[in-house]
Amino acid sequence: MLDDRFDDQMRDSAREYNTPPPTPKEEMWAAIQAKKTEESRTVITPLRPLRHLRPLRWPAAIAALLALGIGLGRLSAPPPAPVAPVRVASDTLPRTSDVAYRVATTEHLGQSEAFLTLFRASVRRGGNEQLASATARQLLATNRLLLDSPAASDARTRLLLQDLELVLAEIAQLSPRPSSPDLDLITEGLERGGVMSRLRTAVPSGASTTQGVL
Amino acid sequence: MHDQELIGRVLAGDPSAERALYDAHVDRVFRLVYRMAGDLDRAQDYTQETFIRAFGRLGEFRGEAALSTWLGSIAISITLNGLRKVKRSREREVVLDDSLAIGRITPEAEPDLKDRLAQAIDDLPDGYRVVFVMHDVEGYTHEEIASSLGVHPGTSKAQLFRARARLRESLADFVKE
């Protein structure tokens, strides 16, 4: 009984739930028309840029026709007879890539020689070797590339590059303030293996060596 | 003028028929949408969107249900989707609002039955709320509701029963008084 009375009361109150105001008919109609117009414009817009392409219609059609003709011609033509490979005299001449590797190796060895000469002189003077470590790392990277390249196919060059790698690696690993025994060890190594003299032999006189090192 | 005739004229591109169709149905659509949205701006937006979509899809209307029912189903779909978006954005702000509201409710500020009921209806799940508003507030029949929501009339009745039970629960302290 109490529930029924409450339900009636609830239904009466519910009729006032979000009571709507008078319908803003005209306002909404105007908005609907505006939106419809806007949407119809949006649909037309993407077609506009195509008008700019009208002058290109004929050239494009001719190009397409030519491409089609060439394609058909290739398809319908008899297959070409196999051509025997022609041997040329290039086998006897040094290839361009070999020359490039040789030039790169000579340049690298020249730069290394210049660097090691300066390094040894600096050690004797007791100078700062912080910069030497960075330069040695750069040269070491090039050295490793050359060791993995056809430049190392020549046994003498490979051996020189391998010895040079050891020396450059030692300098690259130097601490910012290296101790005298460390530096002595490096310079002794340079002398002992004859790295410097072999470098000088490998680098032709007059080659630009210091460029890019200093 | 009969709906079918109006639809034929609208599809033939008669703008006056479009307006006549709008005039015939806008009040009912707006009332329902406003009841659900509870906000004039949103109700206007959703009603406009309902008619724009209806005019765009009028060719798909098969006439199996009344045009008003078809419009009602579009309106409910648009309104519920719109309100879900609003709810999501409100949920993001709720943390701040909660912190500001602490300590404000006093026994003197206890709302009366209408306010409590309005809050309880707002809190109903969408499915219950739509049926309750359409039936108990706007006076739709279960057949109309079922057709608008694409459910069986029995489902509409069951949803209404559960909605009322939920409201009774929410307002239990008023029942005791």
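Presented here is an overview of the structure given in this document.

Some words on the overall build of chain B
Argument step 1. Along the backbone of chain B there are nine helices and zero strands.
Argument step 2. In chain B, the succession of helices and strands from N to C terminus is α-α-α-α-α-α-α-α-α.
Argument step 3. Going through the 177 residues of chain B one by one, you find that 31% of them count as buried.
Argument step 4. Across chain B, every contact between residues at least 6 apart in sequence was considered, and the portion connecting residues at least 24 apart equals 63%.

Notes on the overall build of chain A
Argument step 1. Within chain A, the secondary structure is distributed over nine helices and zero strands.
Argument step 2. Starting at the N terminus, the α and β elements of chain A follow one another as α-α-α-α-α-α-α-α-α.
Argument step 3. Across chain A, every contact between residues at least 6 apart in sequence was considered, and the portion connecting residues at least 24 apart equals 74%.

Details of the interface of chain B and chain A
Argument step 1. Contact with chain B, which involves 24 residues of that partner, is made by 22 residues of chain A.
Argument step 2. Breaking the side of chain B that touches chain A down by element, the ones donating at least two residues are α2 (15–37), α3 (40–56), α5 (113–123), α6 (126–137) and α8 (153–170) of chain B.
Argument step 3. It is α2 of chain B that contributes the most residues to the side of chain B that touches chain A, seven residues altogether.
Argument step 4. Grouping the amino acids of the side of chain B that touches chain A by side-chain chemistry returns 14 nonpolar, four polar and six charged.

Description of α5 of chain B
Residues and elements named next belong to chain B.
Argument step 1. Residues of α5 that are buried include every one of Leu117, Ala120 and Ile121, and no others. Buried positions in α5, seen along its axis, are confined to an arc of 100 degrees and lie on one side of it. What points out from α5, more than 90 degrees from its buried face, is the exposed set Asp115, Gln119, Asp122 and Asp123.

Observations regarding the packing of helix α7 (residues 155–172) of chain A against helix α9 (residues 195–202) of chain A
Between two packed helices, the angle of one axis relative to the other and the distance separating the axes together describe the packing.
All names here are of chain A.
Argument step 1. Running from amino to carboxyl end, α7 crosses α9 at an angle of 130 degrees, the nearest separation of the two axes being 11 Å. Accordingly, the angle class assigned to the pair α7 and α9 is oblique. As for how α7 packs across α9, the hand of that crossing is left-handed. Only Val195, Arg198 and Ala202 of α9 make contact with α7, whose side of the interface consists of Leu160, Asp163, Leu164 and Val167.
Argument step 2. Of the residues belonging to the contact of α7 with α9, the class tally is five nonpolar, no polar and two charged.

So, the packing of helix α1 (residues 3–11) of chain B against α2 of chain B
Residues and elements named next belong to chain B.
Argument step 1. At a minimum axis distance of 7 Å, the contact between α1 and α2 shows a crossing angle of 140 degrees. Here α1 is positioned oblique relative to α2, judged by the angle of their axes. As α1 packs across α2, the resulting crossing turns out to be left-handed. Residue-level inspection shows Leu6, Arg9 and Val10 of α1 in contact with α2, the latter providing Ala17, Glu18, Ala20 and Leu21.

What about unusual backbone geometry?
Argument step 1. Within the chain, Asn18 of chain A stands out as a residue other than glycine whose phi angle is a positive 45 degrees.
Argument step 2. Mapping Asn18 of chain A onto the fold places it in the loop between α1 (2–14) and α2 (25–44).

What counts as what
- Residues numbered from 1 in each chain as written.
- Chains lettered and ligands numbered in written order.
- Predicted model: local features only at pLDDT ≥ 70, side-chain atom pairs only at ≥ 80, totals over all residues.
- Helix = DSSP H or I, 4+ residues; strand = E, 2+ residues; numbered from the N terminus.
- Buried ≥ 20, exposed ≤ 12 C-beta atoms within 10 Å, placed from the backbone.
- Contact = placed C-beta atoms within 7 Å.
- Nonpolar A, V, L, I, M, F, W, Y, C, P; charged D, E, K, R; others polar.
- Arc of directions from axis to C-beta.
- Axes fitted to C-alpha atoms, helices over the stretch in contact; angles between N-to-C directions.
- Parallel < 35°, antiparallel > 145°, perpendicular 65-115°, else oblique.
- Left-handed = near helix turned anticlockwise from the far one by under 90°.

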